[in-house]
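Here is what each chain is made of, one letter per residue.
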Amino acid sequence: MGSCACRWPSLAGGSFWEIVDTAMQAKSRAKILIADDDPMVRGAVAKMLAVFGHEVIATASGEEALGKLTPDFDLVILDINMPGLDGFETMQRINRQDYGIPVIFLTGAGSMEYAVKAVNLGAYDFITKPISDIEQFHITINRAVEKRMYVLQERTYKEDLERQVREQTSELAEKNRLLQEYSHNLEVTTLDTMLTLQTALEEKDIYTAGHTARVSHYAVDIAQAMGLPPFEVEVLERACQVHDIGKLVIDISYISKPGPLSDEEWAMMRKHPIIGENIIKPLSFMSRELFIVRHHHERFDGKGYPDGLGGDELDIATRIITVADSYDAMTSKRSYRESMSVEQALVEMNRCAGSQFDPEVVKVFSEMIKGRISGGRQQEASA
Ligand SMILES: [Fe+2]
């Protein structure tokens, strides 16, 4: 129960009016919630705080105080011994609201145990009744209110900072998205341009028309059948689309002449992978494709060109493109020879598995082509 043995100083005292004067000059009017079951104490404290210039809401219990508590209060003053919720329980519930409102305990029971408990709960101060030193009481109230102002300022600052960070992060994410979109569009446009050039080159020669598209198609199918990750498949597809871009630079008009190429013509032809690599080297987004373009005429046994790499020195994407590229060359007509049938090409591919080609890639590719032939026949039969 709250103390009723109060000795409240007379409001007519000279020093008190000095305090009142100071209070009247205070910049802010605080909103203070009081809970004390003793009407006399409650009334006296409320009157003093009102004279200090504050807005006061006085309640007779912890429950009532909690019912009136809103985030716009600047200070809560709690009696400790009250019926129902005592001051400590009331403060525990106030803490759960996380409003950051300072709490001052005002009690007639000024034991050390109470003081420790109040501090442990995070109370701002602990004042024993009766209040004999009005000046000190006023200072304590003002400091508590100031603390509340700091807490609010800090919260506002933190919220502003968080909002700014959120806005800047969102702005940055949007810029990044636009940059990525721009970069992607630039990549697509560059690749399209190169593909158009290569297709134009192929179209000049009826024997090579459609070669790039077919090689890309075969290679992607093999890569997917072998379970390569989507990113690797994309790299392989882009490499296929530019694998013969080097032929744009060298004069290969002799390619359509009847009969086999001379040693000199072959030597010229064998330069196209390196030239192709040099063409795409300035394109940073195609760094992964460089290796495939340079080595698409290597052999599994290391007897290919330009560097004679073989086996594990060639990555799986390069081993796939050599199979796709050679198969299309075998099944396409040349000026100096007829094209092989699909069956003949598969026999040749399997004969060269382990020497020119990676046997595993040939196996997957052969099964794929055979499956398509068999599927085609079944469709024809059911038509
Ligand atoms: Fe080539």
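Residues numbered from 1 in each chain as written. Predicted model: local features only at pLDDT ≥ 70, side-chain atom pairs only at ≥ 80, totals over all residues.

K.L.:
Lay out the overall build of the protein chain with the relevant residues and their values.
P.N.:
Tallying secondary structure elements over the protein chain gives 14 helices and five strands in all. In the protein chain, 64% of the contacts between residues at least 6 apart in sequence involve partners at least 24 apart. (Helix = DSSP H or I, 4+ residues; strand = E, 2+ residues; numbered from the N terminus. Contact = placed C-beta atoms within 7 Å.)

K.L.:
Report on the packing of helix α7 (residues 211-225) against helix α12 (residues 316-330), specifying residues and quantitative values.
P.N.:
One can describe the packing of α7 onto α12 by two numbers: an axis separation of 9 Å at closest approach and a directional angle of 135 degrees. With respect to α12, the element α7 is oriented oblique. For the crossing formed where α7 meets α12, the hand is right-handed. Touching His211, Arg214, Val215, Tyr218, Ala219, Ile222 and Ala223 of α7 are Ala317, Ile320, Ile321, Val323, Ala324, Asp325, Tyr327 and Asp328, all from α12. (Axes fitted to C-alpha atoms, helices over the stretch in contact; angles between N-to-C directions. Parallel < 35°, antiparallel > 145°, perpendicular 65-115°, else oblique. Left-handed = near helix turned anticlockwise from the far one by under 90°.)

K.L.:
So what's going on with unusual backbone geometry? Which residues, and what values?
P.N.:
It is generally the case that most residues other than glycine have a negative phi and that most peptide bonds are trans. Omega for the bond connecting lysine 129 with proline 130 falls within 30 degrees of zero, at -5 degrees, which places this linkage in the cis form. Take proline 130: it is sitting in the loop between β5 (125-128) and α6 (134-203). Here tyrosine 305 and proline 306 are connected by a cis peptide whose omega angle stands at 10 degrees. Here the phi dihedral of aspartate 98 falls at roughly 55 degrees; this positive angle occurs in a residue that is not glycine. Inspection of the secondary structure assignment puts aspartate 98 in the loop between α4 (87-97) and β4 (103-107). For aspartate 98, a count of 8 C-beta atoms within 10 Å corresponds to the exposed category. (Buried ≥ 20, exposed ≤ 12 C-beta atoms within 10 Å, placed from the backbone.)

K.L.:
A description of the sheet that holds strand β1 (residues 31-35) should follow, citing residues and the corresponding values.
P.N.:
With parallel pairing, five strands are arranged side by side in an open sheet as β2-β1-β3-β4-β5. Each edge of the open sheet is held by one strand with a lone partner, namely β2 (55-59) and β5. Neighbour-to-neighbour, the strand axes of the sheet open up by a mean angle of 20 degrees, direction not taken into account. In the sheet, β1 pairs with β2 via five bridges, with the strands oriented parallel. Bridged to leucine 33 within β2 is isoleucine 57. Helix α2 (residues 39-51) contacts β1, β2, β3 (75-78) and β4 of the sheet and is inclined by roughly 170 degrees relative to β2. (Pairing = 2+ DSSP bridges.)

K.L.:
Would you mind going over α6 in detail, with residue names and values included?
P.N.:
The end-to-end C-alpha distance of α6 is 101 Å, a good match for the 104 Å that 70 residues give at a rise of 1.5 Å each. All buried positions along α6 are accounted for by Ile134, Phe137, His138, Ile141, Ala144, Val145, Arg148, Met194 and Gln198. (Expected span 1.5 Å × (residues − 1).)

K.L.:
I'd like a description of helix α10 (residues 272-280), backed by residues and values.
P.N.:
Buried residues of α10: His272, Pro273, Gly276, Glu277 and Ile280, and no others. All buried residues of α10 project into a common sector of 140 degrees when viewed along the axis, lining one side. Taken together, the buried residues of α10 touch α8 (230-242), α9 (263-269) and α11 (287-294). (Arc of directions from axis to C-beta.)

K.L.:
Give a description of the nonpolar core that names residues and reports values.
P.N.:
Counting 35 residues, the largest nonpolar core has Ile32, Leu75, Val76, Ile77, Leu78, Val103 and Ile104 as the members making the most contacts within it. Counting residues per element, the ones that place at least two in this core are β1, α2, β3, α4, β4 and α6. The element best represented in this core is α6, accounting for five residues. The contact partners of leucine 78, leaving out residues within four places of it in the chain, are Ala35, Gly87, Thr90, Met91, Val103, Phe105 and Leu106. The next biggest cluster of nonpolar side chains, apart from the first, holds 31 residues, and it includes Leu236, Tyr327, Phe357 and Phe365. (Core = buried A, V, L, I, M, F, W, Y, C linked by C-beta atoms within 7 Å.)

K.L.:
So what about the environment of methionine 340? Which residues, and what values?
P.N.:
Inspection of the secondary structure assignment puts methionine 340 in the loop between α12 and α13 (342-351). Methionine 340 gets classed as partly exposed once you count the C-beta atoms within 10 Å, which come to 18. Distance in space between the C-alpha atoms of methionine 340 and aspartate 328 is 9.7 Å, their sequence separation being twelve residues. Not counting residues up to four positions away in its chain, the partners in contact with methionine 340 are Met330, Thr331, Ala345 and Glu348.

K.L.:
Which residues make up the pairing of β1, and what values go with them?
P.N.:
Working note: regular strand, side chains alternate between the two faces of the sheet. By the criterion of burial, β1 is predominantly enclosed, with four of the five residues buried. Of the strand pairs in this sheet, β1 and β3 are connected by four bridges, and their pairing is parallel. The residue bridging isoleucine 32 from the neighbouring strand is leucine 75, located in β3.

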